[in-house]
Amino acid sequence: MNSVRASSRRPRRVSRPRPVQPERNNAERDEDIPADMVAEESGPGAQNSPYQLRRKSLLPKRTVCPTKNSMEGASTSATENFGHRAKRARVSGKSQDLPAAPAEQYLQEKLPDEVVLKIFSYLLEQDLCQAACVCKRFSELANDPILWKRLYMEVFEYTRPMMHPEPGKFYQISPEEYEQPNPWKESFQQLYKGAHVKPGFAEHFYSNPARYKGRENMLYYDTIEDALGGVQEAHFDGLIFVHSGIYTDEWIYIESPITMIGAASGKVADKVVIENTRDSTFVFMEGSEDAYVGYMTIRFNPDDKSAQHHNAHHCLEITVNCSPNIDHCIIRSTCTVGSAVCVSGQGAGPTIKHCNISDCENVGLYITDHAQVGTFIVYFVKLCAFLLSQKTNEISNNALAGIWVKNHGNPIIRRNHIHHGRDVGVFTFDHGMGYFESCNIHRNRIAGFEVKAYANPTVVRCEIHHGQTGGIYVHEKGRGQFIENKIYANNFAGVWITSNSDPTIRSVSIYKSILLFLNLKIFTLLGNAIFNGNQGGVYIFGDGRGLIEGNDIYGNALAGIQIRTNSCPIVRHNKIHDGQHGGIYVHEKGQGVIEENEVYSNTLAGVWVTTGSTPVLRRNRIHSGKQVWNFKI
């Protein structure tokens, strides 16, 4: 009776003798022998038999955590009836696990890896994780990168793992270069809690619960508006994947710290397109301080591209007191008014990185209306690319300026590529400011950098070259500091200063400044390099002023520095040499202070001053000129 209680099926009657039967072949014998006797009669060598695998379900089940009573009742008879279940041995007071049943052992140890992997390929991610808990071998096979790549691409579409190690940070990696063995699984875990916008798939997903068993926690929406509504209703945390497709005329106003990222194979941003024909495509409002939008194309494409009612519409509109992150996006506007990206109001401070703002029919990036706040804490508009790599924002081929800064806008702009604009590269005016560092500004139709109307930018270590007119144009009371830039190969002058403007063009090294203060002449001052211009190096006219200090000016087609029409700059500690014309040319009532410069190896006179001009020259070294006179009046 004990044995009956211990087993889940009727036990074999051992005491009753079996009647003698005539000799039969193996096939007949197999048909008559009860299934629960197969394991015993097959013998020890039956582990490789297909019957073991086929009839595994008929064997008595092992109890994972048996009770004390069941263990006592089954101690003798169960072992007696089923020879493959050995009694636990006691070794030094510790119990050993029972050896695995032959079928179980075959599955776990002897079934070829290829067969197990084929079986695992039919499992979803949660089932695969549960299979990995069975044994060490299953754990290794269930973590196979090929299995997880298939699941990953089915859910997220990416052809390379998208890593998300912390909020607001996404980047794709090459699997073979990643330090961990299974980046697909690691990325799956990082992205698993997101909701998905996948038009047409939501109905299929929710109408087939058996097919997607184990993914009940995933959410699918048909539109971005619905997904944003889900965030507002707290259905999920705010990570939204927008899958391949073109999403048109949705009302996307963001006022919470959501994260929205494109999800597609190959180059993601090309395949996820969000556009609007009536209103700004994205509007960020107060409350979106830590919002993130990345890896997608954002377009403003109105039917009537010149209508004045679109003047306030943009691809991206960032308003007061919000600072979203815009990353790896392609931004386009076909409207002839407005701009592609507009940042306005106090406290507006986005971070824009690795973006392409090109081929717009108006301004690319427009920063205005006091984009900063407070006395000690200033929120800057940031357009930068310093977190992940040296890769920059691409701002090119826009109808007007690549970047406009006005009305006390004060951005930080680093390592951007601003080129082939159909107007000026960067235009600061009406008290616009900003810090521009290590930008490559070239081949714009007008100047590479224009400063006007009390604008006061700081431009450091930029390359400004191959402009179709000048390099830097400062006029109408413009100011600014231009420090250690390379200004070269522009069609007109490298630097133009006119109309009562007063910029500073110099070196900023603290070490050099201290030596200059102490008047120690054991160093060479080199600030901006202004060279190989198709006209002059620095051209100051029309009551222009300014400080030209510590620059290397050479190889220009006309004079290295030209001063005329009542202009009065301070020119000192420069090297002006190897020009195809004169070194310093002062004419038409030009003035100024010219001191402690080194002027040499120019084709014409080192310093040329014409009638009516009254500059002050002090302690200059003028030598090695290729013309007879180094100084001519």
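The rules behind these values
- Residues numbered from 1 in each chain as written.
- Predicted model: local features only at pLDDT ≥ 70, side-chain atom pairs only at ≥ 80, totals over all residues.
- Heavy atoms only, no water.
- Helix = DSSP H or I, 4+ residues; strand = E, 2+ residues; numbered from the N terminus.
- Contact = heavy atoms within 4.5 Å.
- Areas by Shrake-Rupley, 256 points an atom, 1.4 Å probe, with all protein chains shown as cover.
- Phe/Tyr/Trp six-rings, centres within 6.5 Å; stacked < 30°, edge-to-face > 60°.
- Buried < 20%, exposed > 50% of the residue type's maximum accessible area, 1.4 Å probe, protein only.
- Lys NZ or Arg CZ within 6 Å of the ring centre and 35° of its normal.
- Salt bridge = Lys/Arg side-chain N within 4 Å of Asp/Glu carboxyl O.
- Pairing = 2+ DSSP bridges.
- Axes fitted to C-alpha atoms, helices over the stretch in contact; angles between N-to-C directions.
- Left-handed = near helix turned anticlockwise from the far one by under 90°.
- Nonpolar A, V, L, I, M, F, W, Y, C, P; charged D, E, K, R; others polar.
- Patch = residues over 30% accessible without salt bridge, like charges linked within 9 Å, V, L, I, M, F, W, Y side chains within 5 Å.
- Lys, Arg positive; Asp, Glu negative; His and termini not counted.
- Charge placed at Lys NZ, Arg CZ, Asp CG, Glu CD.
- pLDDT = per-residue confidence, 0-100.

### Focus on the overall build of the protein chain
The helix and strand tally for the protein chain stands at 16 helices and 49 strands. Across the protein chain, every contact between residues at least 6 apart in sequence was considered, and the portion connecting residues at least 24 apart equals 60%. When the accessible surface of the protein chain is totalled, it reaches about 30700 Å², and 51% of it is carbon and sulfur.

### Comments concerning the packing of aromatic side chains
The description of an aromatic ring pair rests on the distance of the ring centres and on the angle between the ring planes. The final tally for this structure, using the stated rule, is 33 aromatic pairs. The interplanar angle of 35 degrees and the centroid separation of 6.1 Å between the aromatic rings of Phe 201 and Phe 205 together place this pair among those described as tilted. Linking Phe 201 with Phe 205, this pair stays in helix 13 (residues 201–206), spanning four residues, or about one helical turn. You can call Phe 201 buried: its relative accessible area is 17%. The class for Phe 205 is buried, based on a relative accessible area of 6%. Relative to Phe 284, the ring of Phe 282 has its centre 6.1 Å away and its plane inclined at 15 degrees; by these criteria the two rings are stacked. One aromatic cluster is present, built from ring pairs that chain together Trp 148, Tyr 152, Phe 156, Tyr 158, Trp 184, Phe 188, Tyr 192 and Phe 241. For the cation-ring pair, Lys 198 lies above Phe 201, with the distance from its terminal atom to the ring centre recorded as 4.6 Å.

### Comments concerning the environment of Gly 467
By secondary structure assignment, the location of Gly 467 is in the loop between strand 30 (463–465) and strand 31 (472–475). Residue Gly 467 is classed as buried on the basis of its relative accessible area, which comes to 4%. Each C-alpha atom, one on Gly 467 and one on Ala 489, is 7.4 Å from the other, the two residues being 22 residues apart in sequence. For Gly 467, the residues in contact, after removing those within four places along its chain, are Arg 443, Asn 444, Ala 489, Asn 490 and Asn 491.

### Comments concerning the pattern of salt bridges
Any two side chains of opposite charge can pair if their charged atoms end up close together. Scanning the model with the defined rule gives 19 salt bridges in all. Put simply, Glu 437 and Arg 461 hold a salt bridge, and the shortest N to O gap is 3.2 Å. Of this pair, Glu 437 sits in strand 26 (residues 435–437) while Arg 461 sits in the loop between strand 29 (458–460) and strand 30, placing them 24 residues apart in sequence. Overall, Arg 461 belongs to the partly exposed group, its relative accessible area being 39%. If you follow the salt bridges from partner to partner, you end up with Glu 549, Arg 572, Glu 595, Glu 596, Arg 618 and Arg 619 in one network.

### Looking at helix 12 (residues 183–191)
Along helix 12, the residues classified as buried are Pro 183, Trp 184, Lys 185, Ser 187, Phe 188 and Leu 191. In this structure, the buried side of helix 12 is in contact with helix 9 (125–131), helix 11 (145–156), strand 3 (162–166), strand 4 (169–172) and strand 7 (239–243).

### Thoughts on the pairing of strand 14 (residues 314–318)
Summarising burial for strand 14: five of the five residues are buried, a large majority. Pairing of strand 12 (residues 282–284) with strand 14, which is carried by three bridges, proceeds in the parallel orientation. By the bridge assignment for strand 14, Val 283 is matched with Glu 317. Here strand 14 pairs with strand 16 (residues 339–344) via four bridges, running parallel. For Leu 316, the partnering residue across the bridge sits in strand 16 and is Val 341.

### Let's talk about the packing of helix 11 against helix 12
Running from amino to carboxyl end, helix 11 crosses helix 12 at an angle of 35 degrees, the nearest separation of the two axes being 8 Å. The hand of the helix 11/helix 12 crossing is left-handed. Each of Pro 145, Trp 148, Lys 149, Leu 151, Tyr 152, Val 155 and Phe 156 in helix 11 lies in contact with helix 12, whose residues at this interface are Trp 184, Lys 185, Ser 187, Phe 188 and Leu 191. Here the contact of helix 11 with helix 12 is built from residues that sort into nine nonpolar, one polar and two charged.

### Description of a negative patch on the surface
On the surface, Glu 203, Asp 222, Glu 225 and Asp 226 cluster together to form a negatively charged patch. Within the element layout of this structure, Asp 222 appears in the loop between strand 6 (220–221) and helix 14 (224–232).

### Focus: the confidence of the model for the protein chain
Summing up the model confidence of the protein chain, the mean pLDDT is 81 and the portion of residues at 70 or higher is 76%. The low-confidence segment residues 1–95 (pLDDT under 50) makes 80 contacts with residues lying over four places distant or belonging to another chain. Within the model, the stretch residues 372–391 combines pLDDT values under 50 with 63 contacts to residues more than four positions away or in other chains.

### Concerning unusual backbone geometry
Positive phi, normally seen in glycine, also occurs at His 420, with a value near 50 degrees. Relative to the helices and strands, His 420 is located in the loop between strand 24 (417–419) and strand 25 (426–429). You can call His 420 partly exposed: its relative accessible area is 40%. Phi is positive for Lys 477, close to 65 degrees, though the residue is something other than glycine. Note on placement: Lys 477 falls in the loop between strand 31 and strand 32 (481–483).

### Side note on the pairing of strand 19 (residues 363–368)
Counting buried positions along strand 19 yields six of six residues, so the element is predominantly enclosed. Across five bridges, the pairing between strand 16 and strand 19 is parallel. The residue of strand 19 that forms the bridge with Ser 344 is Thr 368. As paired strands, strand 19 and strand 22 (residues 403–406) are joined by three bridges and run parallel to one another. Bridge pairing links Leu 365 to Ile 403 in strand 22.

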